[in-house]
Amino acid sequence: MAKTANQAENAQLKDIISHAKEYGFVYPSSEIYDGLQAVYDYGAYGVELKNNLKRLWWETMTRLHGNIVGIDAAIFMHPTTWKASGHVDSFNDPMIDNKDSKKRYRADVLVEEHAAKLENEGKEDEAKALTAALARLLEAEDLAGVRDLIVNTGIACPISGTTNWTDVRQFNLMFSTQVGSVAEDASTIYLRPETAQGIFVNFLNVQKTARMKVPFGIAQIGKAFRNEIVARQFIFRMREFEQMEMQFFVRPGSELEWYKQWAETRMNWHLALGTPAEKLRKHDHEKLAHYANAAMDIEYEFPFGFKEVEGIHSRTDFDLKSHQEFSKKKQQYFDPEINKNYIPYVIETSIGADRLFLLTLCNAFTEEKTEEKSRTYLKFHPAIAPVKAAILPITKKDGLPEKAQEIVEMLKYDFNIIYEDAASIGKRYTRQDLIGTPFCIAVDHQTLEDNTVTIRHRDTTEQERVSISELHGKIAEATSFRRIFEKI
Ligand code: GAP
């Protein structure tokens, strides 16, 4: 039977997930205990890839922009931070339980998935009407109405198959814990649900100590935690994840100009990294959060459809103003150019490192099938590939391993290099393809005579003979961030 588009997409995601596990990129957390839902660990090549992506983002922000500096704030923050930011009162998802299976679902996701199913069945009008009804009910915060919509549409629990639903209730997504060594002293604190607040509460510290003038930005990479109930699609939605966020502080009134500029700059960054334009799209938010006067997502076409990778938000002065109110400490900036005090407006760019990782993996995963052979490889941009080159002596004899080790010594201080001498050269090429190594360098008997080696290129499998003295320059040229930076 022919596969539907949906089944083919799921099959592709499954292939990517098993590839990620088998070749050392991502494992389920604490797998020997059957894993922990929506929590993942990065393996030997995964951590290299993720670090490269984070470094690329960091250097784009802080090196390419003289007016952006970094910060590394703590995960724990004073609990009032989350009151001021609005997370204590409104960082909620509408949840519904099925009384028979005892499974809990996000009510809005149940409806959205049902709408997607209708669309796949060609019932586009019904699907549209359903999502429009959901949007209206959520806008009106009518949770009873959302339950009625689920029941009346006949949406059943995927486990029990029944429509025996509880009421829809709001659940806060923040994880909380206690500080203090004795229970009586203990006070509830939260694991931060976004890194941005660490930037806001340090706005004046950074502005003063780094002597920044508006417009300027503060960038941060760090862990964030959300008690996501709908935790599926691999590392797309995790409970513990990493964000790369940048808050750009601007003069009030200039924010929409800056918003446009940052939306364009960030899209160019994705394109420069090699993501095809047709797999990316902008999605303007129709319903704006109470603190925003413009917002959009950059979406990527994952095997499960176009989904958000990065958010760009014009957050007005909401956060700083609110921290000023709650802390009773002025959060104003004196602008010497116009001789005025004001609370700056903020443009935020926020991308999940793990989501970018998944985008990169999906984009790189390549299966080539011809009549004679099939080949799977990861077509990473060389600048972010976990391993830059594999040094492979063609035999373990005749001094070839020693010669190969000399090359490793020459390159290892600047590049992540692998040395491998087991198995046939063909098998070793295949293995490097599977982890996305752009260059395989074969050391053979001719190398001993004339100091030349063969470079085999991952994407074309073409080989060229070059002198050992050229290797460093060639790898440096191909893997430099500069090649990406110049395109942004
Ligand atoms: N400070 C703004 C903020 O946190 P968000 O849209 O909730 O906005 C920003 O998150 C980005 O963080 C998303 O575009 C996504 O890349 C990533 N992200 C959010 N929740 C995530 C999760 N549960 N797992 C992985 N990444 C997540």
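Looking at an unreviewed UniProt entry, the protein chain carries the name Glycine--tRNA ligase, with the source organism given as Algoriphagus zhangzhouensis. As stated in UniProt under Subunit (unreviewed entry), the record for the protein chain gives "Homodimer." Under the Function (unreviewed entry) heading, UniProt states for the protein chain: "Catalyzes the attachment of glycine to tRNA(Gly)."

Draft legend 1. Focus on the overall build of the protein chain. Scanning the protein chain from N- to C-terminus turns up 17 helices and 23 strands. The C-alpha atoms of the protein chain give a radius of gyration of 26 Å, which matches the 23 Å a tight globule of 488 residues would have. Here the protein chain holds 488 residues, and 49% of them are scored as buried. By sequence separation, contacts in the protein chain at least 24 residues apart represent 65% of the contacts at least 6 residues apart. When the accessible surface of the protein chain is split by element, carbon and sulfur atoms take 48% of a total near 23900 Å². The distance from the centre of the 62 positive side-chain charges to the centre of the 72 negative ones in the protein chain is 2 Å.

Draft legend 2. Spatial organisation of the packing of helix H5 (residues 107-120) against helix H7 (residues 143-153). As a packed pair, H5 and H7 sit with axes 10 Å apart at the nearest point and diverge in direction by 35°. The element H5 and its partner H7 pack so that their crossing is left-handed. Mapping the contact onto sequence places Ala107, Leu110, Val111 and His114 in H5 and Val146, Leu149, Ile150 and Thr153 in H7. Residues belonging to the contact of H5 with H7 are distributed by class as follows: six nonpolar, two polar and no charged.

Draft legend 3. Focus on the domain arrangement of the protein chain. Segmentation of the protein chain into domains returns domain 1 (5-91 + 173-361) and domain 2 (374-485). Contact with domain 1, which involves 17 residues of that partner, is made by 18 residues of domain 2. Carbon and sulfur atoms make up 76% of the surface buried where domain 1 meets domain 2, a total of about 1600 Å² over both sides. Along the contact surface separating domain 1 from domain 2 lie zero salt bridges. Between domain 1 and domain 2 we count three residue pairs in polar contact (both at pLDDT 80 or more) in total.

Draft legend 4. Here's a closer look at the pairing of strand E4 (residues 92-97). Judged by how many residues are buried, E4 sits mostly within the fold: five of six residues are covered. In this structure, E4 lies alongside strand E5 (residues 104-106), joined through three bridges in antiparallel fashion. By the bridge assignment, Asp97 is partnered in E5 with Arg104. The loop that links E4 with its antiparallel partner E5 comprises six residues; one of these, Lys102, has a positive phi angle of about 65°.

Draft legend 5. Representation of the packing of aromatic side chains. Summed over the entire model, instances satisfying the criterion amount to 18 aromatic pairs. Judged by centre distance (5.8 Å) and plane angle (85°), the ring pair of Tyr105 and Trp165 falls under edge-to-face. Of this pair, Tyr105 sits in strand E5 while Trp165 is found in the loop between H7 and strand E6 (169-172), placing the two residues 60 residues apart along the sequence. Relative accessible area serves as the criterion here: at 15%, Tyr105 is assigned to the buried category. Classification of Trp165 as buried rests on a relative accessible area of 1%.

Draft legend 6. Structural view of the sheet that holds strand E3 (residues 68-70). Pairing in this open sheet of seven strands is mixed, and the strands run E3-E9-E10-E16-E13-E12-E11 from one edge to the other. Among the strands making up the open sheet, the edge pair consists of E3 and strand E11 (280-284). Neighbour-to-neighbour, the strand axes of this sheet turn through a mean angle of 25°, independent of strand direction. In this sheet, strand E16 (residues 345-352) lies alongside strand E13 (residues 305-314) in antiparallel orientation, the contact comprising five bridges. Pairing of Ser314 across the sheet is with Ile347, part of E16. Helix H12 (residues 353-364) contacts strand E10 (240-250), strand E12 (294-302), E13 and E16 of the sheet and is inclined by roughly 35° relative to E12.

Draft legend 7. Region of interest: the side chain of His87. Within the secondary structure layout, His87 lies in helix H4 (residues 87-90). With a relative accessible area of 8%, His87 lands in the buried category. Apart from residues no more than four positions distant in its own chain, His87 is found in contact with Trp82, Asn172, Met174, Pro193, Glu194 and Gln197.

Draft legend 8. Region of interest: a negative patch on the surface. On the surface, Glu119, Glu124, Asp125 and Glu126 cluster together into a negatively charged patch. Residue contributions to the negative patch peak at three residues, all from helix H6 (residues 124-139). By secondary structure assignment, the location of Asp125 is in helix H6. Judged by relative accessible area, Asp125 falls into the exposed class, the value being 64%.

Draft legend 9. Summary view of the environment of Lys330. Residue position: Lys330 is located in the loop between helix H11 (318-327) and strand E14 (333-335). Here the alpha-carbon distance between Lys330 and Ile394, two residues 64 residues apart in the chain, equals 68 Å. Contact partners of Lys330, with chain neighbours within four places excluded, come to Leu204 and Gln324.

Draft legend 10. A look at the pattern of salt bridges. One pass over the full model with this rule turns up 32 salt bridges. Across the pair Lys50 and Glu242 runs a salt bridge whose closest N-O atoms are separated by 2.6 Å. With a gap of 192 residues between them, Lys50 in helix H2 (residues 44-64) and Glu242 in strand E10 connect regions that are remote in the sequence. Residue classification places Lys50 among the buried residues on the basis of a relative accessible area of 7%.

Cut-offs used in this document
Residues numbered from 1 in each chain as written. Predicted model: local features only at pLDDT ≥ 70, side-chain atom pairs only at ≥ 80, totals over all residues. Heavy atoms only, no water. UniProt positions renumbered as here; feature names shortened; annotations may be inferred. Helix = DSSP H or I, 4+ residues; strand = E, 2+ residues; numbered from the N terminus. Rg over C-alpha atoms; globule rule 2.2 N^0.38 Å. Buried < 20%, exposed > 50% of the residue type's maximum accessible area, 1.4 Å probe, protein only. Contact = heavy atoms within 4.5 Å. Areas by Shrake-Rupley, 256 points an atom, 1.4 Å probe, with all protein chains shown as cover. Lys, Arg positive; Asp, Glu negative; His and termini not counted. Charge placed at Lys NZ, Arg CZ, Asp CG, Glu CD. Axes fitted to C-alpha atoms, helices over the stretch in contact; angles between N-to-C directions. Left-handed = near helix turned anticlockwise from the far one by under 90°. Nonpolar A, V, L, I, M, F, W, Y, C, P; charged D, E, K, R; others polar. Domains from an automatic or database assignment. Buried area = accessible area lost by both parts, 1.4 Å probe. Salt bridge = Lys/Arg side-chain N within 4 Å of Asp/Glu carboxyl O. Polar contact = N/O pair within 3.5 Å; in protein donor to acceptor, adjacent residues only side chain to side chain. Pairing = 2+ DSSP bridges. Phe/Tyr/Trp six-rings, centres within 6.5 Å; stacked < 30°, edge-to-face > 60°. Patch = residues over 30% accessible without salt bridge, like charges linked within 9 Å, V, L, I, M, F, W, Y side chains within 5 Å.

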